[in-house]
Amino acid sequence: MPEIAEIARAVHFLRLHFVGKVIKHAEAIDDANVFSKVGTDGPTMAAGLIGKKIISAGTQGKYFWVEMSKSPHLVMHFGMTGWIHIKGERTEYTNYYKKMNPDELDKWPPRYWKFKIETEDGDEMAFTDPRRFGRVRTVDCPGKDIRKYSPLVENGPDPVVDLDVFTEDYLREKMKSRRVPIKALLLDQAVISGIGNWVADEVLYQAKLHPEQYCNDFSDAEIKQLYESIRYVCQTAVDKLGDSDQFPDDWLFNYRWGKGSKNAHSHTPNGDKLAFLTVGGRTSCYAPARQKKTGQVVSGVKEEPLESAEEKDSSKKASRTKVAKSKHESEEIEANGSKVKTEKTASRKRKIKTEEDEEVACTPNKAKARPSKKPTRSQYFEDSKKPKGGAETTEETKADTSGRRRSGRLQSKAT
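Residues numbered from 1 in each chain as written. Predicted model: local features only at pLDDT ≥ 70, side-chain atom pairs only at ≥ 80, totals over all residues. Heavy atoms only, no water.

> Got a minute to help me understand the nonpolar core in this structure?
The nonpolar side chains of soluble globular proteins are, as a tendency, buried together. Membership of the largest hydrophobic core comes to 34 residues, with the highest contact counts inside it found for M175, I182, L186, I192, I195, L226 and I230. Counting residues per element, the ones that place at least two in this core are α1 (4-17), α4 (168-176), α5 (182-187), α6 (197-207) and α7 (220-239). In terms of residue count, α7 provides more of this core than any other element does, eight residues in total. Once residues within four sequence positions are removed from consideration, I195 is found in contact with E3, K62, L186, L187, Q189, A200, I230 and C234. By size, the runner-up hydrophobic cluster in this structure holds 30 residues, among which are A26, V34, F64 and W83. (Core = buried A, V, L, I, M, F, W, Y, C linked by side-chain atoms within 4.5 Å. Buried < 20%, exposed > 50% of the residue type's maximum accessible area, 1.4 Å probe, protein only. Helix = DSSP H or I, 4+ residues; strand = E, 2+ residues; numbered from the N terminus. Contact = heavy atoms within 4.5 Å.)

> Whenever I open this one, the packing of α4 against α7 confuses me. Can you help?
In helix packing, the relevant descriptors are the interaxial angle and the interaxial distance, both defined with respect to the helix axes. Between α4 and α7, the shortest axis-to-axis distance is 10 Å and the interhelical angle comes to 120 degrees. Judged on the interaxial angle alone, α7 and α4 are oblique. The handedness of the crossing between α4 and α7 comes out as right-handed. Counting all contacts with α4, which are made through E168, L171, R172, M175 and K176, the residues of α7 involved are D220, I223, K224, L226, Y227 and I230. Taken together, the residues of the contact of α4 with α7 sort by class into six nonpolar, no polar and five charged. (Axes fitted to C-alpha atoms, helices over the stretch in contact; angles between N-to-C directions. Parallel < 35°, antiparallel > 145°, perpendicular 65-115°, else oblique. Left-handed = near helix turned anticlockwise from the far one by under 90°. Nonpolar A, V, L, I, M, F, W, Y, C, P; charged D, E, K, R; others polar.)

> Whenever I open this one, empty space enclosed by the protein confuses me. Can you help?
A water-sized probe, rolled over the atoms, reveals where empty space remains. All chains considered together, the criterion is met by one cavity of 30 Å³ or more. In this structure, the largest cavity occupies an estimated 90 Å³ of space. If you trace the largest cavity, you find 13 residues lining it, with I54, V66, L74, I117 and M125 closest to the centre. If you list the elements that add at least two residues to the lining of the largest cavity, you get β2 (54-60), β3 (63-68) and β6 (113-119). Tallied by class, the residues present in the lining of the largest cavity amount to 13 nonpolar, no polar and no charged. (1 Å grid on protein atoms, 1.4 Å probe; cavity = no way out; pocket = protein on both sides within 12 Å on 5 of 7 lines; lining within 4 Å. Points joined across faces, edges and corners; volume = space filled by probe spheres on them.)

> Could you clarify how one ought to interpret the sheet that holds strand β8 (residues 135-139) in this entry?
Pairing between sheet strands relies on hydrogen bonds along the backbone, with the strands arranged either parallel or antiparallel. The strand order across the open sheet built from four strands is β2-β3-β4-β8, with neighbouring strands paired in antiparallel fashion. Single-partner strands in this sheet number two, and they are β2 and β8. Across the sheet, the mean angle separating the axes of adjacent strands is 20 degrees when strand polarity is ignored. Bridging between strand β4 (residues 73-77) and β8 involves five bridges; their strand directions are antiparallel. When the sheet's bridge partners are listed, H73 is paired in β8 with V139. Sheet contacts for α1: β2 and β3; angle to β2, the most-contacted strand, approximately 170 degrees. (Pairing = 2+ DSSP bridges.)

> Could you clarify how one ought to interpret the sheet that holds β6 in this entry?
Pairing is antiparallel in the open sheet, where four strands are placed in the order β1-β6-β7-β5. Each having just a single partner strand, β1 (23-28) and β5 (83-86) make up the two edges of the open sheet. Between one strand axis and the next, the sheet turns by 15 degrees as a mean value, whatever way the strands run. Strand direction decides the pairing type here: β6 and strand β7 (residues 124-128), joined by five bridges, are antiparallel. The residue of β7 that forms the bridge with E118 is E124. Strand contacts of α1: β5 and β7, with the helix running at about 30 degrees to β5, the strand carrying the most contacts.

Keep in mind these values describe shape, not function.
Below is the structure:
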């Protein structure tokens with residue numbers, strides 16, 4: 001989302017090309033998100049601009065406005081992806097144009113345009129917004145009183161523009177009267193206008209303060225340090241018109257991006273290890289060794305150290321080595337277990353063999369071995385194959401059986 005520096009950049013180009021000029025033509029798309037959600041519609045807004053002179057352009061945090069020669073005036077917010085494009089001018093950053101297709105560089109109007117104007121001098125401007133979170137509204141009031149009307153009146157002071165309001169005492173009073181994490185306070189547009197995620201992280205990095213420490217748990221010296229960091233970071237970013245290529249080399253901004261990618265930085269040049277904190281879905285980049293806790297910190301903080309590509313490869317190798325070592329140790333334990341089991345089995349067999357040899361040695365030569373009560377499986381089958389006794393026994397058995405049968409029949413007849 002565009003923050004205080006990006007808004008200053010857009011207004012810089014509006015002042016450079018459009019202030020003091022009369023609008024000859026205006027056109028707008030009837031986008032319900034961009035216009036209707038703030039009480040107007042595209043065609044009506046555009047029709048009200050024709051023939052008017054642009055008197056001035058100004059900023060307050062993430063909002064900016066265009067004062068017309070006659071009410072109503074324009075007040076705009078870029079949302080997530082909004083921007084101002086000027087025909088024949090490169091208003092965006094270098095990387096923005098590097099990502100565009102060559103046939104789109106000079107296309108006019110640009111893609112995703114929501115409204116566009118043309119002055120009598122031939123200058124053309126277009127407001128674009130691919131994701132449609134931006135807002136364009138009209139404010140019916142005297143031009144010098146724009147900031148006294150909604151939505152600007154609900155927002156806090158701009159740390160670059162409103163130095164008469166945004167003072168160290170103002171910041172101290174806001175911090176002592178609230179109990180929220182300090183980063184949440186910085187992001188509250190009702191307290192300070194224009195500070196977004198990356199600016200807040202940079203301010204806290206420069207001030208050496210933990211992002212999730214409660215705002216009412218800092219000393220006066222730390223509050224003074226925070227105020228000076230807010231002024232330094234915001235003023236520098238605005239002076240450079242948000243061009244990150246010109247930011248100081250020791251800024252966290254240069255190393256906080258690319259989380260999870262191969263090109264991610266894990267340290268700043270001075271050796272500060274970087275990490276990400278997540279609380280309630282909000283992510284902060286910070287340096288744990290530099291931004292230490294000096295008071296109470298909100299609970300439920302999840303920390304994720306940032307790793308470079310080399311560190312990730314090293315971690316993967318260490319993990320693979322650990323797995324391989326664990327597997328090797330398991331195999332050794334299993335092998336040792338099998339070896340012990342084999343040795344126990346062999347020892348038991350040797351013991352049985354020794355006992356049998358001792359029993360044979362103690363038995364007289366003429367004595368018959370005492371038969372086992374339970375024959376072995378082989379002995380059982382061998383005995384079953386042998387006839388039960390000799391031929392005489394068989395014949396006697398037959399005779400006896402037949403006699404019993406005949407005796408039985410004679411007895412039955414006699415009865």
